[in-house]
Each structure stands twice: as C-alpha cells, then as structure tokens.
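Each chain is listed here by its residues.
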Amino acid sequence: MTSGTANGSSDIRVELDENVLNRLADLICGDETTPYYRTGRQITALFEAAGWRRAGEVDGPRRAWVLDTLQKRRRDSEALHRLLLRLADPREYLDDDEARSQLVQDLNELLAVEGYQILYTHGRPELITQTPTMKRPAMQAPIQLTASLTNILSDPDFGQQLKSRLDEAHVCWQSGACTAAIIMLGSLLEGVLYDVALAQHTNGPRPTDHLQSLIELAADKQWIAQDVVDYAHVLRNHRNLVHPKKQLNQRYAPDDDTVRIAWNVVVAALNDLEQVKR
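Please read these numbers as outputs of a predicted model, since none were measured by experiment.

Visitor: Any chance you could explain the pairing of strand S2 (residues 124-129) here in plain terms?
Guide: The two faces of a sheet get side chains in turn, since along a regular strand they alternate between them. Strand direction decides the pairing type here: strand S1 (residues 116-121) and S2, joined by six bridges, are antiparallel. Within S2, the residue paired with tyrosine 120 across the bridge is proline 125. Taking the residues that link successive antiparallel strands as the turn, the S1-S2 hairpin has two residues, and the phi of histidine 122 there is positive, at about 55 degrees.

Visitor: Explain the packing of helix H2 (residues 40-49) against helix H3 (residues 62-72) to me, please; I cannot follow it from the model alone.
Guide: Any two packed helices are characterised by the angle at which their axes cross and by the distance between the axes. Interaxial distance between H2 and H3 falls to 10 Å at its minimum, and their mutual angle equals 15 degrees. Of the possible angle classes, the one that applies to H2 and H3 is roughly parallel. Between H2 and H3 lies a crossing of right-handed hand. Contacts between H2 and H3 involve Gly40, Ile43 and Phe47 from the former and Arg62, Trp65, Val66, Thr69 and Leu70 from the latter.

Visitor: Explain the confidence of the model for the chain here, please?
Guide: Close reading of the predicted structure is inappropriate where its pLDDT is low. Per-residue pLDDT for the chain has a mean of 84; in total, 89% of the residues score no lower than 70. Within the chain, the lowest mean pLDDT, 71, falls on helix H11 (residues 244-250), and the highest, 96, falls on helix H4 (residues 77-87). The low-confidence segment residues 1-9, where pLDDT is below 50, has 24 contacts with residues more than four positions distant or belonging to other chains. Predicted confidence for residues 135-139 stays below pLDDT 50, and this span has 13 contacts to residues more than four positions away or in other chains.

Scoring rules and cut-offs
- Residues numbered from 1 in each chain as written.
- Predicted model: local features only at pLDDT ≥ 70, side-chain atom pairs only at ≥ 80, totals over all residues.
- Heavy atoms only, no water.
- Pairing = 2+ DSSP bridges.
- Helix = DSSP H or I, 4+ residues; strand = E, 2+ residues; numbered from the N terminus.
- Axes fitted to C-alpha atoms, helices over the stretch in contact; angles between N-to-C directions.
- Parallel < 35°, antiparallel > 145°, perpendicular 65-115°, else oblique.
- Left-handed = near helix turned anticlockwise from the far one by under 90°.
- Contact = heavy atoms within 4.5 Å.
- pLDDT = per-residue confidence, 0-100.

Right, dumping it as structure tokens:
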C-alpha cells in the first residue's frame, strides 16, 4: 500500500484481517447502544446498494449472517471497497447524520490498523491508504500537565473537583483498572470543555453538554490542536464503554496503551485550553 495516497478508485487493494472483519460485522449491524442499528432488511439493502447482488437476504441472526457473508467475499477486494464506501455514504443516513458521523469515526479507528481511512470529497466518501497504526507516535510518550484546572475553569471549586477526578483516573490507570480510567477521563474532558464553552459564549444558542458537539466546537474555535481533536473523538467513543452491553458486543477491553493515549489526549487538551483563558 502507498502511504497517504488519496484515491477513491478500486485500484486500492482492500485486504482485511479476520479479526477486522469480525468487528466490521458489528459496525454494519449496530445494536441498541449505537445510533446506527440496522434491521435485517436494512442490512440487505446496504449490501445491495454496495453492489453485492448475490448476497441474498438476511437469514437467521443478523450478525452471524453478516459475518458469514463478509467471510465469503473476504478475497474480493473490489466488493469490500464498495461496501466500505457505501457504509460511510451520507445517503445511508439521510435522517440522522449524527449516526453517520459516529459510524465513520468507529470505522476509521478500525481501518487504521489495516492502513486505510475514509475521507470525504464533495460530500462523497473515498478510501485512502496510509501507514497502518494503532496510535500516533506523538501519543505514545506521556505528556506533562502544565496547566492548572483551577485556572481553566470559571469555578475554582469545580476545578478542584475535576482535579480530583483526574487524580482518580491516574490511580485507576496505575492499578490496571483501564476501563474505569477511560470512563473517568472522558467525563473529565466533557466537564472542562462544557465549562470553557459556557465561559466563552457570547451570543446565539447556549452550548450543549454533548461531548461530540463540544469537541467539534473546540476544533472550530481552535481551542485545542487538530491532532488532539482527532483523538478526542476516539476517547469519546471509548468513554461509551460505560454501557456494558456495548463493550460486550464490541468484544473490546482497553489496555495500558489505550489509557496512555487517552491520558495524553486529556492532558494535551488541558494544556491548550489554559491558553484560551489568557
């Protein structure tokens, strides 16, 4: 594969590992904890729209059928390419663009390990190749916290409360309680961004405390660096592991490396946000 080749045509060879196909089946089906749940009929329509004319109709449990269908065509690069593009196509989510946004974030996180990424050109998805990665090199080494939460937040007491939450997240991390640390860090980021958004608000609708909207607002206002924004969205998805069924269905458990990235995302965001108050 050619790193950084922005090319949506089928000359990109798509090869997906068995474990990646397994997770892709989850993304196609969705469940009650995701905004992109698909019925059997909708799954059939998705495959047909992707040009999988011989896929047939869902027969039996949705996920088992989808995984079996993917495995039968796992060597068909063109078919997989078309399916990935259709899965990210806005025309699949005409009444719920938030579901599309969530799905594409999850999909890109999955595809990163294989060296692919979905981007949009003129409103249509394209598949590009990049260097396969689980994490950005800049996120591997621990980042030093130089900011003070009491300086960032409008209420010093709230700052002390969130500082305690940051300390608890660190204790969880060092104790091996990775899921608890991820959830704690995600909630801390939400609290800080919401407070800053309210403090900076001057006119128009009041900011929402929805984490995705807060991250997008921080990106739009350039309160935090773009690489931090990208991984803040990943942290937001991991924070959703607070829903036990979601974690079970994804067959996913955060490890030490995952928490290290999450910790660096939050610390980098805090360091950037302190500059907003100056």
